[in-house]
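# Chains, contacts and geometry: an overview
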Amino acid sequence: MPRASVILPVYNTVAYVWEAVHSILVQTYSDFELIIIDDGSTDGSAFLISQITDPRVIKIFHSTNQGLVATLNEGFNRANGEYIVRMDSDDICTPDRLDVQISFMDQNPLIDVCGAAFTTSSGGVLKVNPASHEEIKTWLLFHCCICHPVTIIRNSMIRRLNIQYDSNYPHAEDYELWNRLASQVQIANLPINLLYYRQHKGQVSNQYKAIQDATARRIRQRQFSQLGLELSDEENQIMLDILEYKINPYDYNCYTKAVGFANWVLDQNCKYQIYNQELLSMAFSRCISHLPY
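Attention now goes to a nonpolar patch on the surface. On the surface, V14, W18, F47 and L48 cluster together into a nonpolar patch covering about 390 Å² of accessible area. Counting through the fold element by element, W18 comes out in helix 1 (residues 17–25).

Moving on, we come to the sheet that holds strand 7 (residues 152–154). Strand order in the open sheet formed by eight strands is 3-2-1-4-7-6-8-5, and the pairing between neighbours is mixed. Of all strands in the sheet, those with a lone pairing partner are strand 3 (57–62) and strand 5 (92–93), marking the two edges. Both strand 2 (residues 32–39) and strand 3 contribute to a ladder of six bridges, which runs parallel. Of the residues in strand 3, the one forming a bridge with D39 is H62. Across the sheet, helix 3 (residues 68–78) is in contact with strand 1 (4–10), strand 2, strand 3, strand 4 (83–86) and strand 7; its angle to strand 2 comes to roughly 150 degrees. Helix-sheet contacts for helix 7 (residues 173–182) involve strand 6 (111–119), strand 7 and strand 8 (186–196), and the interaxial angle to strand 8 is about 145 degrees.

Under the counting rule described, the total for this entry stands at eight aromatic pairs. A centroid spacing of 5.3 Å and a plane angle of 50 degrees characterise the contact between W139 and F142, whose relative ring orientation is tilted. Take W139 and F142: they sit in the same class, and that class is buried. Judged by centre distance (6.1 Å) and plane angle (75 degrees), the rings of F224 and F261 are edge-to-face. In this pair, F224 sits in helix 9 (residues 209–225) while F261 sits in helix 11 (residues 252–272), placing the two residues 37 residues apart along the sequence. For the pair F224 and F261, one class covers both residues: buried. Through successive ring pairs, a cluster of aromatic residues spans W139, F142, F224, F261, W264, F284 and Y293.

Once that is clear, we can look at the nonpolar core. In globular proteins that are soluble, nonpolar side chains generally tend to be buried together. Formed by 55 residues in total, the largest nonpolar core has its most connected members in F142, F224, I242, F261 and F284. Those residues in contact with I242 that lie beyond four places of it in its chain are F142, I247, A258, F261, F284, C287 and I288. Listed in part, the 35 residues of the second largest apolar core include Y29, I102, I111 and C147.

Calculation notes
Throughout, a residue's number is its position along its own chain's written sequence, starting from 1. The predicted nature of this model means local features are confined to residues of pLDDT at least 70 and side-chain atom pairs, given and counted, to a pLDDT of 80 or more, with totals for whole chains, interfaces and linings taken over all residues. Values shown for side chains rest on all heavy atoms present in the structure; no hydrogens or waters enter the calculation. Patch construction takes residues with relative accessible area above 30% that form no salt bridge. Like charges are linked within 9 Å, and nonpolar side chains (Val, Leu, Ile, Met, Phe, Trp, Tyr) are linked within 5 Å. All accessible areas in this document rest on Shrake-Rupley with a 1.4 Å probe, and a residue is counted as covered only by the protein chains that are shown. For this analysis, a salt bridge means a side-chain nitrogen from Lys or Arg found within 4 Å of a carboxyl oxygen belonging to Asp or Glu. In DSSP terms, a helix is any run of H or I states spanning at least four residues, a strand is any run of E spanning at least two, and both are numbered starting from the N terminus. Two strands make a pair as long as DSSP finds a minimum of two bridges between them. Two residues form a contact once any of their heavy atoms are found within 4.5 Å. Each axis is a line fitted through C-alpha atoms, taken for helices only over the stretch in contact, and angles between the N-to-C directions span 0 to 180 degrees. Ring pairs shown here join Phe, Tyr and Trp side chains whose ring centres sit within 6.5 Å, with only the six-membered ring taken for Trp; geometry is labelled stacked below 30 degrees between planes, edge-to-face above 60, and tilted in between. Each residue gets one of three labels from its accessible area relative to the maximum for its type: buried under 20%, exposed over 50%, partly exposed in between, using a 1.4 Å probe on protein chains only. Among buried residues, those of type Ala, Val, Leu, Ile, Met, Phe, Trp, Tyr and Cys that are joined through side-chain atoms within 4.5 Å constitute a nonpolar core.

This is the structure in structure tokens:
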């Protein structure tokens, strides 16, 4: 049985898929299986995948497109490794990614999910997300602070909690999953660059932005419900302006609405104790003051 199962879903990324696969096959850590699931590609991706001969690669081909959520869940079900590693077909791993993340997970048995920092290109600005569990849990109320294609997950936790991605949250299935898991398991982010995240017109965040934003709003509302709050359209817009760093400190009405909203949420959290109060207050302050983490 391999130590790690790398799940790589593919759909019409013929221009990038070989680089993604190659970056896994040349890892300094070699005890893994690579599960490539082509989800009915029509652009030649499936042919490229069919030519791979590395014995660590398991190739699965769908005759028709089933969607990312179904494909990821199939990957979960097929994974034999102690760890499940996510990878996208248009990104590139650093050569030591598996080595670094598996070593961290081995040394930290209480952590069940681990992300990492990434850059958008070689030599680009490093994107470092919150590191500790409580920070991550808090910032998840605002936005997704775990980069999906650079996560490693403990397979025993997946089996124990019967975890699957939820198809009710299209194009934000990872954001939903992290919020769901944050109240059940420990999560961490490493401040180390382990991925080159490719930005292009065909990626989900560009193609389906409106759907993704609407789904993210539903996920945030689910979290607010734990605080006994049901946000109106106006309150949702205030939250959106806060998390997108759009509060104008020179606009008295805008600023006082944002501060009032933040204090309202903080009062409810003081009552329900869902988030670390100090970290939640800091997150609101940083967003309102235009100071990203």
